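# Observations on the model geometry
Residue strings, one per chain:
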Amino acid sequence: NSSRTEDYKVQNIIAAQLNSFGFHEMMANSLTTAAYVSLTESLSADHNVTMLNPLSNDLATMRQSLLFSALEAAAYNINRKNQDLKLFEFGKTYHKLPSNYQENKHLTLLLSGNRHAEIWNNAQKPTDFFMFKGYVDSVLSRLGIEKIKSVPVEVDLFAEGMSYQVGTEVLVRFGTIRKNILKHFDIKQEVFFADFHWDAVLKLISNKIKFADIPRYPEVRRDLALLVDE
C-alpha cells in the first residue's frame, strides 16, 4: 500500500527530528481502563470500544486518547526519579460512533521537568510553554506546513493552550494539562502535551516531501588577499 509506505517514511522523518531534540519514542498499550473518560468532558463513555473478554478492568477498553497512557508513562518515570521527560508516540485512538467504528491516527508529544539534565556547574531551568510550542512548530515546519491559523484551545484537557488549524480542520492541539488530571496520576510537576491529528497532517503534505542526494564533493573554503596601494 503506497499510502501506508508514505506514512511510514514521514513518521521516520519526524521521529529522527524529535530524537535529535532529545525526545524518546514510547509505545503504549491500546487497551486501557474505561474510567479515564470520566476525567474529561471531551470524551464520552458511549464512544468506548469495549472488549468482550477483557483480562482485567484496566485492560477492558480501547483508548479514546493517547494522553492517559502518556501520563501513565510519565508517572512511572517520575516515581523512579527520572523527572525530566521528553516523550513522543505514534498511535491510534478508537471510537464507537452511532453509525460505525472509527480509528484515528495521532502523534503526541509530552514534555515535563527541566530543560536539560542535571549538571553541577549549570543552574536548572524548567521547561515552559514557549519552549514546547517551539517543538510543535518545528514538526509542522519540517513537513512544510506553514499556512496555519492559531486559535485558543477548547478541549478541557488543557488548563491553557493553543490549536493550529487549516480552515476548520484541526492539525494539532497543545498546552498545559489540567492539575486535576495530573492529580489522578499523582503527578505534581507541570506537564505539556501536544496531540497531532496525523490523518489531517498527512493530507496536507502529500507530494511535498522531497529528497536530495548528499553532495558528491566536500565543501571548499578559500581566502582571498588583495595587495593595494597605500
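Here's a quick rundown of the structure.

Positionally, Ile177 belongs in strand S9 (residues 169-177). Ile177 sits in the buried class, given a relative accessible area of 2%. A sequence separation of 18 residues divides Ile177 from Ala159, and the C-alpha atoms of the two residues are 5.7 Å apart.

Moving on to a nonpolar patch on the surface. A contiguous nonpolar patch, built from Leu224, Leu226 and Val228 and spanning about 410 Å² of accessible area, is present on the exposed surface. Assignment of secondary structure puts Val228 in the segment after helix H5 (198-204).

With that settled, the discussion passes to the packing of aromatic side chains. Enumeration over the complete set of coordinates arrives at twelve aromatic pairs. With a centroid separation of 5.2 Å and 65° between ring planes, the pair formed by Tyr164 and Phe174 is classed as edge-to-face. Linking Tyr164 in strand S8 (residues 158-166) with Phe174 in strand S9, this pair joins segments that are ten residues apart in sequence. The pair Tyr164 / Phe174 is uniform in exposure class, with both members buried. A network of ring pairs unites the aromatic residues Phe129, Phe130, Phe132, Tyr164, Phe174 and Phe192 as a single cluster.

Membership of the largest hydrophobic core comes to 31 residues, with the highest contact counts inside it found for Ile14, Leu107, Leu109, Val136, Val172, Phe174 and Phe196. Secondary-structure elements contributing two or more residues to this core are helix H1 (2-20), strand S5 (85-96), strand S6 (101-112), helix H3 (129-142), S8, S9, strand S10 (191-197) and H5. Ignoring any residue separated from it by four or fewer positions in sequence, one finds Leu109 in contact with Leu18, Phe23, Leu87, Phe88, Phe132, Val136, Phe192, Phe193, Ala194 and Phe196. Leu85, Leu87, Ile177 and Ile181 belong to the second-largest nonpolar core, a separate cluster that totals 26 residues.

Bringing the pairing of strand S7 (residues 149-152) into the picture now. When S7 meets S8, the two strands line up antiparallel, connected through four bridges. Bridging from a neighbouring strand, Lys149 pairs with Gln165 of S8. As consecutive antiparallel partners, S7 and S8 are separated by five residues.

Cut-offs used in this document
- Residues numbered from 1 in each chain as written.
- Predicted model: local features only at pLDDT ≥ 70, side-chain atom pairs only at ≥ 80, totals over all residues.
- Heavy atoms only, no water.
- Helix = DSSP H or I, 4+ residues; strand = E, 2+ residues; numbered from the N terminus.
- Buried < 20%, exposed > 50% of the residue type's maximum accessible area, 1.4 Å probe, protein only.
- Patch = residues over 30% accessible without salt bridge, like charges linked within 9 Å, V, L, I, M, F, W, Y side chains within 5 Å.
- Areas by Shrake-Rupley, 256 points an atom, 1.4 Å probe, with all protein chains shown as cover.
- Salt bridge = Lys/Arg side-chain N within 4 Å of Asp/Glu carboxyl O.
- Phe/Tyr/Trp six-rings, centres within 6.5 Å; stacked < 30°, edge-to-face > 60°.
- Core = buried A, V, L, I, M, F, W, Y, C linked by side-chain atoms within 4.5 Å.
- Contact = heavy atoms within 4.5 Å.
- Pairing = 2+ DSSP bridges.

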